[in-house]
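Coordinate analysis (summary)
Okay, here's what each chain looks like letter by letter:
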Amino acid sequence: MSDSNFGPPPGNFNDDDSGAHRRGETTVLPPTRRPLVTALVVAAALLVVIAIAAQFWTEVLWYQSVHFSGVFTTQLLTKLLLGVVGGLLTAAMVWSSIHVAFRSRPIYAPSPETQAMEHYRQLVEPMRRTATVAAPLAVGLFAGLSAATQWDTFLLWRNSNPFGTQDPEFKLDISFFVFDLPWINFVVAFLTMILVIGFITAAFTHYLYGGIVAGNKMRSTHAARVHLSAIAAALVLVRAVAFWVDRYNLATAESTKITGIQYTESHAIIPTKGILAVAAVMCAIMFLTTIWTRSWRLPLVGVAVLAVIVVAVGGIYPALVQSLKVRPSEKSLEVPYIQHNIDATRAAYGFNTIEVKPYDTKTVAERNALRDDAATVPGIRLIDPNVVTPTFKQLEASKGYYQFADVLDVDRYQLNGKSQDTVIAARELDLSGVPEGQRNWLNDHTVYTHGYGLVAAKGNTREDDGRPTFIESQIGTQGALGKYEPRIYFGESSPEYSIVGGDKQEFDYPDPRGTGQINTTYAGTGGVALDGIKRLAYAVKYREINFLLSNAVNNDSRILDHRTPRDRVQRVAPWLTLDGNAYPTVVDGRVLWVLDGYTTSANYPYSEMTTLDTATEDAVTSTRNSVRAVQAGQVNYVRNSVKATVDAYDGTVTLYQWDEKDPILKAWMSIFPDSVKPLSDIKGSLMQHLRYPEDLFKVQRTLLQKYHDTDASSFYGGQNFWRVPDDPTQSDFLQPPYYLSLAMPDQARPAFSLTSTFMPTGDRNVLSGFLAVDGDAGSQSGKKADSYGTMRLLETTGGSVNGPGQVFNDMRTSAVTSNDASLGRQLTLAQFISTTSSTGASVIFGNQLTLPVGGGLLYVQPIYVQARSSGSGTYPRLSAVAVAFGDKIAWAGSLDAALNDLFGGSGVQAGDNGTGTPPTSTPTPGTTGTPSQTPTGTATSQAGTPNAPALTKALSDAEAAYAEGEAALKRGDFAAYGQAQTKLKDALKRAVDASPKSTPAAP
């Protein structure tokens, strides 16, 4: 641009004088607005204001009802502060650019070069004053909204806590990267945006009013040069800061091999970033020289030099270092940086203290091999929570308007003084099951308001006919869970909102006498009282006039909304990433939903980046609705920092500190004081139901596929990497982890654990590792069990152990015949599967459990059978159990019988008391009251002397019961089949009692 000036700025020129006045033309008044249009506009604006006010007020009321008002106000005030500051800065930049450019416009004589813009100036002039105010406000509004979204980044920066650990490159505390660097990056980016907008606005205004003329030669006034140079200098100076800050961002940069700084970054990119920062500062100074030199020459030279440095020093030099020095000796140069990545990843995801042991796996099932595992075998969970939902619904839903989650939960309860793994679910309300003729606003929101009670079954036993062994069932009765408030007003399937209280009109549960229904009135403190004008606010919020017209809504009524446990916890703790599954439990006479909360970050230096929704996705999250993958984007730091509970009756939300060392949680606790209770406040009655979170375990096992290998040299080659097996029963999806009680080889007694397996990368379907984490938090108030969270990894050595897919295929095609007489006839496992399928039933394979017992790895596969029927009433029944150890497979109607077949008849049974003999007080699953069959299928008489008439009668009854069962199986009547099996077992027992020692067993 030329340094010519088109004349001094205007003197006392009146901006308000229009072209019409100067030419003496008559002013034309605008047309009068129509009153109707004005009224409609005002009414529309009023409705919008009312809707916004109603939404805001109901939000305030909700937070007051759960006693978390501080969370709402802190968020609101922080967002307002950032929005106002960011909006005002942006608006001020845009306004000043327009104002300075307009006030410094030149006065010039008309010429062909300037005449072209005169037409546009005349078009802009009538709206110039409005645009000068409206444009900055509009741009400032959008910028303010953008700034408000960084409320959490700002608050963490203001309340940072040290990690006590330094990064290996810059020797800075990790807190700088987690708390400070994200805020610095935002400020730099925001200032860059403001200055770019300001520069563009100023340049456009100068061009419009003649400060810049684009003719044969670009010319500008001195005022335009000074104005644009000052903005450009500030912009380049901010970019200098960005170059310097980018050095620290390299600590979390991703590459093809690892996350973090590598050799090239450390020795080439970091130094060049410093050089670029210095060059940018010098370039900014060159822009300022135009104030005195009255020329663009130096700034243009500075920009050109900076561009050359960016390309040459910032791009070419690191590329040369990478190709000429690193690649020829990559392994030796990168090993230290890979080690940094390994150490940081294991620390950031919480498995740096994992116990790794080689496991010399046996592959031959030896007699008495289960003696040392007498305490583990009885806890093997056979009831699959992913399969038995239809069973629970058919047997325990009572009515169509009750439902259970499609994936049930696993918990522990004390039965007869011992911990019992249980499959548990809440009987929740399902409005879609209400008869169509009864569906209306009144019934949906004031009558059908809640579910009723929990249903629980033992995890390791079943009834004779394949049903679960319930310990809590039937509406209106109290079982092993004790006395508790059964009404589920807040649950995973609760309606959007319900209006409760007032008159006694809510449906409670069906009258067990079959004479009608039992009604109730909500007596809790949950929700918001609908007194006075609050009804109007909620009528506006939900766009429902019945809030004002229905006599079911009065001053004694309360509205319950935002009712799912996940939604309630997320609203009071928006800084938490929540686990994909909430589970119900009974604590001190109340049903509580328990939900795990995670603090996460994507700024832990050197730690491997992972995507949570991908890492937590498996066969369950992909095929079910009630358990979801975690939606939180990329992270490289995760802690299970909070345990949250939601009272199913009154909706009370309680947050407990779980990780007392997590700096991020400490920061949030200082931001929202009194919102999170300390660990010491957790009662022992709640502690015994807390467990290791499944999603955290999924993330950790995803990282352990690579990061079980702690040797950087080996890690570089990747030959020792693993993979999580696919679920053999759900192709194309990963096998989910399983909760069950087991004792690892170095544990004295079983612990409630979460388990998973690993296979080598590639096509080999063999096991390479078994992972278990101790998930039992103990029962002591305010103190976690010392063993809680201990991760144990067994790396298989010795014989090759078949993987889940191989074992599943072997079982489906197995020619092994069961010795279990309770099955009625001699069939191979493959024949049992095919015959059952051909008789109009479906064979469903349950969770394939893997356990380190007997010196090797034992597979346990429950097999369910469900009749195929177009009508209702069918549900899966546990009909058989297949087991595998090494290459040997066995199966039977019960786990006891299958293990006896597998280990030669001398193994520990599922009801074993530790001596090898089943206690008489504990029935064998699926063969209640029936002695275990010997490997040869022979039965013995206790007295050793025959009783011919009794034996003949018993054998006749057995044949009749067998025929009755076969007929029931063919027609798909499994209730009759179960009854026939009971008769058969009774007959067999009588035959055994009446038989001499050498008498063959009944067929």
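Residues numbered from 1 in each chain as written. Predicted model: local features only at pLDDT ≥ 70, side-chain atom pairs only at ≥ 80, totals over all residues. Heavy atoms only, no water.

Side note on the nonpolar core
Rules: In these notes, a set of buried Ala, Val, Leu, Ile, Met, Phe, Trp, Tyr and Cys residues joined through side-chain atoms within 4.5 Å is what counts as a nonpolar core. Between buried and exposed lies partly exposed: a residue is buried under 20% and exposed over 50% of the maximum accessible area for its type, with that area taken using a 1.4 Å probe on protein chains only. In this analysis, two residues are considered to be in contact whenever any of their non-hydrogen atoms come within 4.5 Å of each other.
Trp-575, Leu-655, Leu-690 and Met-791 are the most contacted members of the largest nonpolar core, which has 136 residues in total. Filtering out sequence-adjacent residues up to four positions away, Leu-690 remains in contact with Arg-412, Tyr-583, Val-594, Lys-643, Trp-658, Ile-682, Gly-775 and Ala-777.

Describing the packing of helix H9 (residues 263-288) against helix H12 (residues 330-348)
Packed helices, taken two at a time, are described by their axes: the angle between them and the distance between them. What counts is decided by this rule: Axis lines are fitted to C-alpha atoms, over the contacting stretch for helices. Their N-to-C directions set the angle, which ranges from 0 to 180 degrees. A run of H or I in DSSP counts as a helix once it spans at least four residues, and a run of E counts as a strand once it spans at least two, with each numbered from the N terminus. Each angle is binned into one of four classes, with values under 35 degrees roughly parallel, values over 145 roughly antiparallel, values of 65 to 115 roughly perpendicular, and all other values oblique. Amino acids are sorted into nonpolar (Ala, Val, Leu, Ile, Met, Phe, Trp, Tyr, Cys and Pro), charged (Asp, Glu, Lys and Arg) and polar (every other residue, Gly among them).
The contact between H9 and H12 brings their axes to 8 Å, and the two run at 95 degrees. The orientation of H9 relative to H12 falls into the category roughly perpendicular. Here Tyr-263, Ser-266 and His-267 of H9 come into contact with H12, specifically with Leu-333, Glu-334 and Tyr-337. Residues belonging to the contact of H9 with H12 are distributed by class as follows: 3 nonpolar, 2 polar and 1 charged.

As for the sheet that holds strand S9 (residues 454-462)
Selection rule: Strand pairing is assigned whenever DSSP identifies at least 2 bridges connecting the two strands.
The strand order across the open sheet formed by 4 strands is S5-S6-S9-S10, and the pairing between neighbours is antiparallel. Looking at strand neighbours, the two that pair on one side only are strand S5 (409-415) and strand S10 (468-472), the edges of this open sheet. This sheet shows a mean twist of 45 degrees between the axes of neighbouring strands, independent of strand direction. Pairing between S5 and strand S6 (residues 418-426): 7 bridges, direction antiparallel. Note on S6: the bridge partner recorded for Val-410 is Val-423. In this fold helix H13 (residues 389-396) packs onto S6, S9 and S10, with an angle of close to 60 degrees to the strand it touches most, S10.

Digging into helix H7 (residues 174-208)
For clarity, the cut-off: Take the number of residues in a helix, subtract one, and multiply by 1.5 Å to get its expected span.
Over its 35 residues, H7 extends 51 Å from the first C-alpha to the last, a length consistent with the 51 Å expected when each residue adds 1.5 Å. The first or second residue beyond H7 is Gly-210, which carries a positive phi of 90 degrees.

Here we look at the pattern of salt bridges
Where we set the bar: Here, a salt bridge means any side-chain nitrogen of Lys or Arg that lies within 4 Å of a carboxyl oxygen of Asp or Glu.
This structure, assessed with the given rule, holds 25 salt bridges. We note a salt bridge from Lys-534 to Asp-531, for which the minimum N-O separation is 3.3 Å. Given the relative accessible area of 32%, Asp-531 is considered partly exposed. A salt bridge links Lys-643 to Asp-596, with the shortest nitrogen-to-oxygen separation between them at 2.4 Å. Placement of Lys-643 in strand S22 (residues 637-647) and of Asp-596 in strand S19 (residues 590-601) is noted, with a sequence separation of 47 residues between them. Each member of the pair Lys-643 and Asp-596 is classed as buried. What you see here is one network of salt bridges that share partners, running through Glu-355, Lys-357, Asp-746 and Arg-792.

As for the confidence of the model for the chain
Under the convention used in this document: Confidence of the predictor at the level of single residues is captured by pLDDT, which takes values from 0 to 100.
Residues of the chain with pLDDT of at least 70 account for 87%, and the chain-wide mean is 86. Mean pLDDT in the chain bottoms out at helix H1 (residues 19-22), which sits at 42, and peaks at strand S23 (residues 653-657), which reaches 98. Every residue in residues 906-945 is under pLDDT 50, and counting partners more than four places away or in other chains gives 81 contacts. Every residue in residues 997-1003 scores below 50 in pLDDT, and together they form 12 contacts with partners more than four places removed in sequence or on other chains.

Here's the deal with the sheet that holds strand S12 (residues 497-501)
Strand order in the open sheet formed by 3 strands is S12-S16-S15, and the pairing between neighbours is antiparallel. Only two strands of the sheet have a single neighbouring strand rather than two, namely S12 and strand S15 (528-529). Where S12 meets strand S16 (residues 557-561), 5 bridges bridge the pair, whose relative direction is antiparallel. By the bridge assignment, Val-500 is partnered in S16 with Arg-558.

Observations concerning a nonpolar patch on the surface
Put simply, the rule is: Patch definition: residues with relative accessible area over 30% and no salt bridge; like charges joined within 9 Å; nonpolar side chains (Val, Leu, Ile, Met, Phe, Trp, Tyr) joined within 5 Å. Areas reported here follow the Shrake-Rupley algorithm with a probe of radius 1.4 Å; residue values treat only the protein chains shown as occluding.
Together, Trp-57, Ile-533, Leu-536, Ile-545, Leu-548 and Leu-549 give the surface a local cluster of nonpolar side chains, amounting to about 580 Å² of exposed area. Of note, Ile-533 is situated in the loop between S15 and helix H15 (534-541). Its relative accessible area of 53% is what places Ile-533 among the exposed residues.

Some details on the side chain of Asp-511
Residue placement: Asp-511 occurs in the loop between strand S13 (506-510) and strand S14 (517-520). Once residues within four sequence positions are removed from consideration, Asp-511 is found in contact with Gly-516, Gln-517 and Ile-518.

Things to note about the packing of aromatic side chains
Counted only if it meets this: Ring geometry is summarised as follows: Phe, Tyr and Trp rings, the Trp one being its six-membered ring, pair when their centres sit within 6.5 Å, and such pairs are stacked at plane angles under 30 degrees, edge-to-face over 60 and tilted between the two. Counted as over-ring charges are cases with an Arg CZ or a Lys NZ within 6 Å of the ring centre that also lie within 35 degrees of the ring normal.
Tallied over the full model, the rule gives 45 aromatic pairs. Ring centres of Tyr-542 and Phe-547 lie 6.3 Å apart, and the angle between their planes is 10 degrees; this geometry places the pair in the stacked category. With respect to burial, Tyr-542 and Phe-547 carry one shared label: buried. Chaining the aromatic ring pairs together yields one cluster made of Phe-154, Trp-157, Trp-183, Phe-186 and Phe-190. Over the ring of Trp-62 we find Arg-571, and its NZ or CZ is 4.4 Å from the ring centre. Lying across the ring of Trp-658, Lys-784 places its NZ or CZ 4.8 Å from the centre.

Points about the side chain of Gln-420
The condition that has to hold: Here a polar contact is recorded for every N or O atom pair within 3.5 Å, except that within protein the pair must consist of a potential hydrogen donor and a potential acceptor, and residues adjacent in sequence are included only if both atoms are side-chain atoms.
Looking at the element boundaries, Gln-420 is found in strand S6. Of the polar contacts made by the side chain of Gln-420, one reaches the side chain of Asn-460; its length is 3.0 Å. Excluding residues that lie within four positions of it along the chain, Gln-420 makes contacts with Asp-411, Arg-412, Tyr-413, Leu-415, Lys-458, Gly-459 and Asn-460.

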